[in-house]
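Observations on the three-dimensional arrangement
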Amino acid sequence: MKILIINGPNLNLLGLREPEIYGNKNYASLCALIDKTCQALGIDHEIFQSNHEGVIVDKIQDAYGKFDGIVINPAAYTHTSVAILDALKAVSIPTVEVHISDINSRDEFRKHSYISLAAQKTVMGLGFDGYKVAIEYLYGFLK
Ligand code: CA2
């Protein structure tokens, strides 16, 4: 089993600001948690981060035939990107959406997710542990 973990814009800056929302750990420690979770389950994985919508679309297209599942935190593109939604629908790879914060209890504009329309499940509000929950769910779904 091989899964792709995609992180969207500014997530590489985790730990720098807004610790009350995203915690005080940095992106490297998020990647370490993902590595540890995948290793424990015997999952082959790749972590990918980009600040660019088209680059994320290209990565999803390129995942076709190479990955069995996707975990994605599209960050701000969650609320704007029909292009990422369409790419996920086009490749039809089982996908779990994850958010560190609870997007339903923040700004009004964060309550809508285009990505949810292509996701098997959305995990939110669990901090970094949400990635663990998302990977474990995807593992159970694909197994
Ligand atoms: O809660 C999440 O995981 C989000 O996807 C994070 C996005 C936000 O736009 C979504 O509405 C919810 C923001 C990621 C940027 O994170 C920061 C990193 C460093 C400093 C401040 C924010």
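Please read these numbers as outputs of a predicted model, since none were measured by experiment. (Residues numbered from 1 in each chain as written. Predicted model: local features only at pLDDT ≥ 70, side-chain atom pairs only at ≥ 80, totals over all residues. Heavy atoms only, no water.)

**Remarks on the pattern of salt bridges**
Where we set the bar: Between Lys or Arg on one side and Asp or Glu on the other, a salt bridge is scored when a side-chain nitrogen of the former is within 4 Å of a carboxyl oxygen of the latter. Throughout, exposure labels follow a simple rule: accessible area from a 1.4 Å probe, protein chains only, divided by the maximum for the residue type, with under 20% read as buried, over 50% as exposed, and the rest as partly exposed.
Going through the model one piece at a time under the given rule, you end up with five salt bridges. The partner of K66 in a salt bridge is D62, with the nearest N and O atoms 2.9 Å apart. Its relative accessible area of 45% is what places K66 among the partly exposed residues.

**Structural notes on the site of the ligand**
Operational definition: The near set for a molecule or strand comprises every residue that places at least one heavy atom within 4 Å of it. Counting of polar contacts relies on pairs of N or O atoms within 3.5 Å, with two restrictions inside protein: one atom must be capable of donating a hydrogen and the other of accepting it, and residues adjacent in sequence are counted only when both atoms are side-chain atoms. Each residue is assigned to one class: nonpolar for Ala, Val, Leu, Ile, Met, Phe, Trp, Tyr, Cys and Pro, charged for Asp, Glu, Lys and Arg, and polar for all the others, Gly among them.
Taken together, 17 residues lie near the ligand, and N73, H79, I100, S101 and R110 sit nearest. Side-chain polar atom of H79 to an oxygen atom of the ligand: 2.7 Å apart, as the coordinates give it. A distance of 2.8 Å separates an oxygen atom of the ligand from a polar atom in the side chain of R110. Taken together, the residues that form the shell around the ligand break down as nine nonpolar, five polar and three charged.

**Comments concerning the side chain of S50**
The test is simple: Secondary structure is summarised from DSSP: a helix means a run of H or I of at least four residues, a strand means a run of E of at least two, and numbering begins at the N terminus for each.
Within the secondary structure layout, S50 lies in the loop between β2 (44-49) and α3 (53-63). Its relative accessible area of 5% is what places S50 among the buried residues. Here H52 takes part through its backbone nitrogen, which lies 3.0 Å from a polar atom of the side chain of S50.

**Things to note about the environment of V55**
Selection criterion: The contact definition used throughout considers only heavy atoms, calling two residues in contact when any of these lie within 4.5 Å.
Mapped onto the secondary structure, V55 falls in helix α3. Judged by relative accessible area, V55 falls into the partly exposed class, the value being 36%. With 58 residues separating them in the primary sequence, V55 and S113 have C-alpha atoms 19 Å apart. Residues in contact with V55, not counting those within four places in the same chain, are F48 and S50.

**A closer look at helix α2 (residues 27-41)**
Stated formally: Here the expected length of a helix is defined as 1.5 Å per residue gap, with one fewer gap than residues. Our arc is simply the arc of the directions from the helix axis toward the C-beta atoms.
End to end, α2 covers 22 Å across 15 residues, agreeing with the expected 21 Å (1.5 Å per residue, within 8%). Those residues of α2 lying buried are Y27, L30, C31, L33, I34, T37 and C38. Each buried residue of α2 lies within a common arc of 155° when the element is viewed along its axis, so the set occupies one face. Looking at α2, the residues exposed on the side facing more than 90 degrees away from the buried face are A28, K36, Q39 and A40. Buried residues along α2 sit against β1 (2-7), β2 and α5 (129-142).

Scope: geometric values only; no functional claims are made or implied.
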